[in-house]
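Survey of secondary and tertiary structure
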Amino acid sequence: MRMSVLNGAISIVLGIAGGIAVGSGVIALILVLDMIPRLAQLTRTYDKTHWYEGALIGGSLLGTVADFWHWKVHGAVLLSPIIGLFCGVFIGLLAAALTEVLNVLPVLAKRLGMKSYLFGLLLAMILGKMTGSLFDFFVYQR
């Protein structure tokens, strides 16, 4: 009895510590990449920055709660494309912010001598990622 309480307490402490570490890393990445200010700049909606921040925090909180309590959504066949679209937009923004901050594509194209093929390189990367994701979802996961 006493050992199971100790194991439970250790699990709780490790879970909270791990959550804080992962959450801090994600937030640090979003802050370093200036995702929200850059999104506001691109869309010319500086006055809506607090909405972007609220959506990011609310989505993270809702996703965490839904994962913890194993929420199921009836009619998920209709909602899945919408949820997938929002997830894809977020991942796309994150990837675009990362490549923009690090200037990965111009450096890569210059070093490979493909400066005139930069658009094709970008398109190949996008199509490769999309094809790999669809293959994983439809073929590999079954």
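Residues numbered from 1 in each chain as written. Predicted model: local features only at pLDDT ≥ 70, side-chain atom pairs only at ≥ 80, totals over all residues. Heavy atoms only, no water.

The protein appears in an unreviewed UniProt entry as Stage V sporulation protein AB from Paenibacillus taichungensis.

1. Some points on the UniProt feature "transmembrane region" (unreviewed entry) in the protein
Those places that UniProt annotates as "transmembrane region" (unreviewed entry) correspond, in this numbering, to residues 12–33, 54–71, 83–105 and 117–140. Taken end to end, residues 54–71 is 83% helix and 0% strand, and its first and last C-alpha atoms sit 22 Å apart. The span residues 117–140 is 96% helix and 0% strand, and its two end C-alpha atoms sit 32 Å from each other. (UniProt positions renumbered as here; feature names shortened; annotations may be inferred. Helix = DSSP H or I, 4+ residues; strand = E, 2+ residues; numbered from the N terminus.)

2. Focus on the packing of helix H2 (residues 35–43) against helix H3 (residues 49–68)
Running from amino to carboxyl end, H2 crosses H3 at an angle of 135 degrees, the nearest separation of the two axes being 10 Å. As judged from the angle between their axes, H2 and H3 are oblique. Classified by chirality, the crossing of H3 by H2 is right-handed. From H2, Ile36, Leu39, Ala40 and Thr43 reach across to H3, where they touch Thr49, Tyr52, Glu53 and Leu56. Considered class by class, the residues forming the contact of H2 with H3 number 5 nonpolar, 2 polar and 1 charged. (Axes fitted to C-alpha atoms, helices over the stretch in contact; angles between N-to-C directions. Parallel < 35°, antiparallel > 145°, perpendicular 65-115°, else oblique. Left-handed = near helix turned anticlockwise from the far one by under 90°. Contact = heavy atoms within 4.5 Å. Nonpolar A, V, L, I, M, F, W, Y, C, P; charged D, E, K, R; others polar.)

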